[in-house]
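The lines below spell out each chain.
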Amino acid sequence: MIEPPPPSGPSPEEIRQRTVRHFLGRAEEAQREGFITMPAGGSAYDFYLQVLQLDPGNAQAAAGIQTLVMHLVDQARDALRQRSFGRVNSLLNTADEIAPGNPLSAEVRKQAQREQQRAREDVLLEGPGAQTVPLPPAELSARSETMVQMLGDLALRIRQHQLRVVIVARDDSEGRWIYGQLRKAVPGYRVRGDIKLGNPPRLLLQKSQ
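Residue positions are counted from 1 within each chain, in the order its sequence is given. For this predicted model, a pLDDT threshold of at least 70 governs which residues receive local features, and a threshold of 80 or more governs which side-chain atom pairs are given and counted, while totals over whole chains, interfaces and linings are taken from all residues. The basis for every side-chain value is the complete set of non-hydrogen atoms in the structure, without hydrogens or water.

Q: I tried to follow the overall build of the protein on my own but got confused; where do I start?
A: Scanning the protein from N- to C-terminus turns up 8 helices and 4 strands. Ordering the α and β elements of the protein from the N terminus gives α-α-α-α-α-β-α-α-β-α-β-β. In what follows, residue pairs with any heavy atoms lying within 4.5 Å of each other are defined as contacts. Once local pairs closer than 6 in sequence are excluded, the contacts in the protein between residues at least 24 apart make up 68%. All accessible-area figures derive from a Shrake-Rupley calculation using a 1.4 Å probe, and residue coverage is judged against the displayed protein chains alone. A total of about 12400 Å² of accessible surface is found on the protein, and carbon and sulfur atoms cover 54% of it. For the purposes of this entry, the term helix denotes a DSSP run of H or I that reaches at least four residues, the term strand denotes a run of E that reaches at least two, and both are numbered from the N terminus.

This is how it looks when you write it as structure tokens:
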């Protein structure tokens, strides 16, 4: 009896593996080009989903989706630094669609909520009779003599007009340094005010009630 010749074409498993490799390559290419979730059917996320349909335990696709989430969250952090709250929410919503309940997105969403509250408070603080004095970030970071002189001049103005000051600083240490410079410039005078975290750094000057 003559044995039938073995099949000459690739096996179903070989075809599946080739297709997986193809979609992984397409996903990485789309990711490099910035096509994270759009266009529909041609995004990195869609290609990773194709891989997971063919190979549900594919570690490379799972890691790729996590990378997409991290990319979206990093973009959301950048938007948050610019106080672009609408873009922050849009990016985080997309991250949540890709990976519901992921902790990275939840963390930045809480930060955004805090910043939005601070922004609302700033609107109130910057109401009628208030004046905003920007503090150049580079000079402030360097604790330069120019910044010391600027804060000294502002302290004299605060004392002369009996102003209340709200210090908006990027962190507690920076806020305390600013307050210390104001006090140092007007010895014996109590500078009345508060320190709030925010960006960009600035002073909000108000007439004392």
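Q: For this particular structure, what's the right way to read the pattern of salt bridges?
A: Once the charged atoms of two side chains with opposite charge are near each other, the side chains can pair. The term salt bridge refers to a pairing of a side-chain nitrogen on Lys or Arg with a carboxyl oxygen on Asp or Glu at a separation within 4 Å. What the rule picks out here adds up to 6 salt bridges. We note a salt bridge from arginine 77 to aspartate 74, for which the minimum N-O separation is 3.1 Å. One end of the pair is arginine 77 and the other is aspartate 74, both in helix 3 (residues 59-81) and 3 residues apart, which spans about a single turn.

Q: I keep staring at the pairing of strand 2 (residues 163-169) and nothing clicks. Help me out?
A: Regular strands place side chains that alternate from one sheet face to the opposite one. Within strand 2, 6 of the 7 residues are buried, which leaves it mostly tucked inside the rest of the structure. When strand 2 meets strand 4 (residues 202-207), the two strands line up antiparallel, connected through 6 bridges. By the bridge assignment, arginine 164 is partnered in strand 4 with glutamine 206. When DSSP locates at least two bridges between a pair of strands, those strands are taken to pair. Relative to strand 3 (residues 193-197), strand 2 runs parallel, the two being bridged by 5 bridges. Along strand 3, the bridge assignment pairs valine 166 with aspartate 194. As for the winding sense of the linkage, the β-α-β connection from strand 2 through helix 8 (residues 172-185) to strand 3 is right-handed. Each residue is placed in one exposure class: buried if its accessible area under a 1.4 Å probe, protein chains only, is under 20% of its type's maximum, exposed if it is over 50%, and partly exposed if it falls in between. Convention used here: a crossover is right-handed provided that the path from the first strand, over the helix, to the second strand proceeds clockwise when the strands point away from the viewer.

Q: So what exactly am I meant to see when it comes to the sheet that holds strand 2 here?
A: Hydrogen bonding along the main chain pairs the strands of a sheet, whether they run parallel or antiparallel. The strand order across the open sheet built from 4 strands is 1-4-2-3, with neighbouring strands paired in mixed fashion. Each having just a single partner strand, strand 1 (131-134) and strand 3 make up the two edges of the open sheet. Going from strand to strand, the sheet's axes swing by 20 degrees on average, the running direction of each strand aside. For strand 1 and strand 4, the ladder comprises 4 bridges, and the chain directions are antiparallel. Within strand 4, the residue paired with proline 134 across the bridge is arginine 202. An axis is simply a line fitted to the C-alpha atoms; with a helix, the fit covers only the stretch in contact. Between two such axes, the angle follows the N-to-C directions and lies from 0 to 180 degrees.

Q: Looking at this model, I keep getting lost on the packing of helix 7 (residues 145-161) against helix 8. Mind explaining?
A: Two elements in contact, helix 7 and helix 8, have axes separated by 8 Å at closest approach and are oriented at 60 degrees. Judged on the interaxial angle alone, helix 8 and helix 7 are oblique. Crossing of helix 7 over helix 8 shows right-handed handedness. Contacts between helix 7 and helix 8 pair Met147, Val148, Leu151, Gly152, Leu154, Ala155, Leu156 and Ile158 from the former with Trp177, Ile178, Gln181, Leu182 and Ala185 from the latter. Here the word oblique covers every angle except those under 35 degrees (roughly parallel), over 145 (roughly antiparallel) and from 65 to 115 (roughly perpendicular). Here a crossing is taken to be left-handed if its near helix is turned anticlockwise relative to the far helix by less than a right angle, and right-handed if that turn runs clockwise.

Q: Sorry, what's going on with the environment of arginine 118 here?
A: The topology assignment puts arginine 118 in helix 5 (residues 103-125). Sequence separation between arginine 118 and valine 168 is 50 residues; the distance between their C-alpha atoms is 10.0 Å. Dropping the residues within four chain positions of it, arginine 118 is found in contact with Arg83 and Leu197.

Q: Would you take a moment to explain helix 4 (residues 85-98) for this structure?
A: Because the α-helix completes a turn every 3.6 residues, residues three or four places apart line up on one side. Multiplying one less than the number of residues by 1.5 Å gives the expected span of a helix. The first and last C-alpha atoms of helix 4 sit 20 Å apart over 14 residues, in line with the 20 Å expected at 1.5 Å per residue. Within helix 4, the full set of buried residues consists of Phe85, Val88, Leu91, Leu92, Thr94, Ala95 and Ile98.

Q: Hey, could you run me through the packing of helix 1 (residues 12-32) against helix 3 in this one?
A: When two helices pack together, their arrangement is given by the angle between their axes and by how far apart the axes lie. Contact geometry of helix 1 with helix 3 gives a least axis separation of 11 Å together with a crossing angle of 15 degrees. Here helix 1 is positioned roughly parallel relative to helix 3, judged by the angle of their axes. For the pair helix 1 and helix 3, the crossing hand works out as left-handed. In this structure, helix 1 uses Leu24, Glu28 and Gln31 to contact helix 3, whose residues at the interface are Gln60, Ala61, Gly64, Thr67 and Leu68. Note on residue categories: nonpolar means Ala, Val, Leu, Ile, Met, Phe, Trp, Tyr, Cys or Pro, charged means Asp, Glu, Lys or Arg, and polar means any other residue, Gly included. In terms of residue class, the contact of helix 1 with helix 3 is built from 3 nonpolar, 4 polar and 1 charged.

Q: So what exactly am I meant to see when it comes to the environment of glycine 25 here?
A: Tracing the sequence through the fold places glycine 25 in helix 1. Between the C-alpha atom of glycine 25 and that of alanine 44, which follows or precedes it by 19 residues, the distance is 9.5 Å.

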